[in-house]
Amino acid sequence: MADQTHVLFVEDDDVIREATQLALERDGFAVTAMPDGLSGLEAFRADRPDIALLDVMVPGLDGVSLCRRIRDESTVPVIMLSARADSIDVVLGLEAGADDYVTKPFDGAVLVARIRAVLRRFGHAGGGDRAEPDASPAGGVLIFGDLEIDTEGMEVRRAGQPVALTPTEMRLLLEFSSAPGTVLSRDKLLERVWDYGWGGDTRVVDVHVQRLRTKIGQDRIETVRGFGYKLKA
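As a starting point, this report considers the structure included with it. Small disclaimer: the values here were computed from a predicted structure and weren't measured.

We now examine the environment of Met-170. With respect to the helices and strands, the residue Met-170 is situated in helix α6 (residues 167–178). The class for Met-170 is buried, based on a relative accessible area of 8%. C-alpha separation for the pair Met-170 and Glu-155, spaced 15 residues apart in sequence, amounts to 8.6 Å. Aside from chain neighbours lying at most four places away, what touches Met-170 is Ile-149, Asp-150, Met-154, Glu-155, Val-156 and Leu-165.

Written out as structure tokens, the structure reads:
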């Protein structure tokens, strides 16, 4: 397991859990599968996986609450699994700190592609191979008002105080800071930050922008209605 990417998978449906575990293992992942949120939290703390797949509706401790507990302790990537694309659970999961979500029923190949896309953003190749983190879009320290972004040390400070960002939030901020004052569309951000080679749900972008705003200042990222977002220069 040490040479493989370790996936924590929390799903209460026995058939889905077993079939998905087998599919992931065939693709080279090491999988710890748990049937409920409490056992999932115990497994997370014991094994410290590389990524967590959490079904929203699991007993004991639901997936959204489990995501919050994980995010309190770690920046490990989290993908939520939801049975309804239009469910409020999707937004709640993203607001709780999830990096992406996949709607059930899902194709195994699509799930693996999404897992690998998330892992690439976090410096893993997926399926057992490790990749070097992507280079930052610019070197040195960028300053925007009271916001300082160290693009080499991957550190952010606001008014001299460190700001804790998840890797996805950091990549999103780096995209904005590489082109301050330039409007970036949601589709472009999905492509650059989430590595989507296909159309994705723009709610993922909206929720992450809002999370980023709460950390670096609500007025630092401007909404340009009908077009996207831009970082104020």
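So, on to the packing of α6 against helix α7 (residues 186–193). Their axes nearest at 10 Å, the elements α6 and α7 cross at an angle of 120°. Of the possible angle classes, the one that applies to α6 and α7 is oblique. As for how α6 packs across α7, the hand of that crossing is right-handed. Contacts between α6 and α7 involve Thr-168, Arg-171, Leu-172, Glu-175 and Phe-176 from the former and Leu-189, Arg-192 and Val-193 from the latter. For the contact of α6 with α7, the class distribution of residues is four nonpolar, one polar and three charged.

Within the secondary structure, Phe-106 is located in the loop between β5 (100–103) and α5 (108–121). Counting along the chain gives 86 residues from Phe-106 to Thr-20, while the straight-line C-alpha distance between them is 9.8 Å. Apart from the residues lying within four places of it in its own chain, the contact partners of Phe-106 are Thr-20, Leu-81 and Leu-111.

We now examine the environment of Pro-77. Within the secondary structure layout, Pro-77 lies in the loop between α3 (63–73) and β4 (78–82). Owing to a relative accessible area of 3%, Pro-77 belongs among the buried residues under this scheme. Taking the C-alpha atoms as reference points, Pro-77 and Ile-51, separated by 26 residues in sequence, lie 5.0 Å from one another.

One recurring pattern in soluble globular proteins is that nonpolar side chains are buried together. Judged by nonpolar contacts, the single largest core of 50 residues is most densely connected at Leu-54, Met-80, Ile-149 and Phe-176. Sorting elements by how many residues they give to this core places helix α8 (residues 203–216) first, with six residues. Excluding residues that lie within four positions of it along the chain, Phe-176 makes contacts with Leu-184, Leu-189, Val-209, Leu-212, Ile-221, Tyr-229, Lys-230 and Leu-231. Listed in part, the 16 residues of the second largest apolar core include Phe-29, Val-112, Ile-115 and Val-118.

Strand order across the open sheet formed by four strands is β8-β9-β10-β11, with antiparallel pairing between neighbours. Unpaired on one side and paired on the other, β8 (141–144) and β11 (161–163) mark the two borders of the sheet. Neighbour to neighbour, the strand axes of the sheet diverge by 25° on average, direction disregarded. Across four bridges, strand β9 (residues 147–150) lies against strand β10 (residues 155–158) in antiparallel orientation. Looking across to β10, one finds that Glu-148 is bridged to Arg-157. Docked against the sheet, α6 engages β8, β9 and β10, running at close to 105° with respect to β9.

This next bit is on the packing of helix α2 (residues 37–47) against α3. Interaxial distance between α2 and α3 falls to 10 Å at its minimum, and their mutual angle equals 20°. Taken together, the axes of α2 and α3 are roughly parallel relative to one another. Of the two possible hands of crossing, α2 and α3 adopt the one that is right-handed. In this structure, α2 uses Gly-37, Leu-41, Phe-44 and Arg-45 to contact α3, whose residues at the interface are Leu-66, Arg-69, Ile-70 and Glu-73. Grouping the amino acids of the contact of α2 with α3 by side-chain chemistry returns four nonpolar, one polar and three charged.

Further remarks concern unusual backbone geometry. Negative phi characterises most residues that are not glycine, and trans characterises most peptide bonds. Omega for the bond connecting Lys-104 with Pro-105 falls within 30 degrees of zero, at -5°, which places this linkage in the cis form. Within the secondary structure, Pro-105 is located in the loop between β5 and α5. Non-glycine residue Arg-48 carries a positive phi angle of around 45°. Topologically, Arg-48 is positioned in the loop between α2 and β3 (51–55). The residue Ala-159 is not glycine, and still its phi comes out positive at about 55°. Looking at the secondary structure, you find Ala-159 in the loop between β10 and β11. In this structure Ala-159 comes out as exposed when scored by relative accessible area, which is 56%.

Cut-offs applied
- Residues numbered from 1 in each chain as written.
- Predicted model: local features only at pLDDT ≥ 70, side-chain atom pairs only at ≥ 80, totals over all residues.
- Heavy atoms only, no water.
- Helix = DSSP H or I, 4+ residues; strand = E, 2+ residues; numbered from the N terminus.
- Buried < 20%, exposed > 50% of the residue type's maximum accessible area, 1.4 Å probe, protein only.
- Contact = heavy atoms within 4.5 Å.
- Axes fitted to C-alpha atoms, helices over the stretch in contact; angles between N-to-C directions.
- Parallel < 35°, antiparallel > 145°, perpendicular 65-115°, else oblique.
- Left-handed = near helix turned anticlockwise from the far one by under 90°.
- Nonpolar A, V, L, I, M, F, W, Y, C, P; charged D, E, K, R; others polar.
- Core = buried A, V, L, I, M, F, W, Y, C linked by side-chain atoms within 4.5 Å.
- Pairing = 2+ DSSP bridges.

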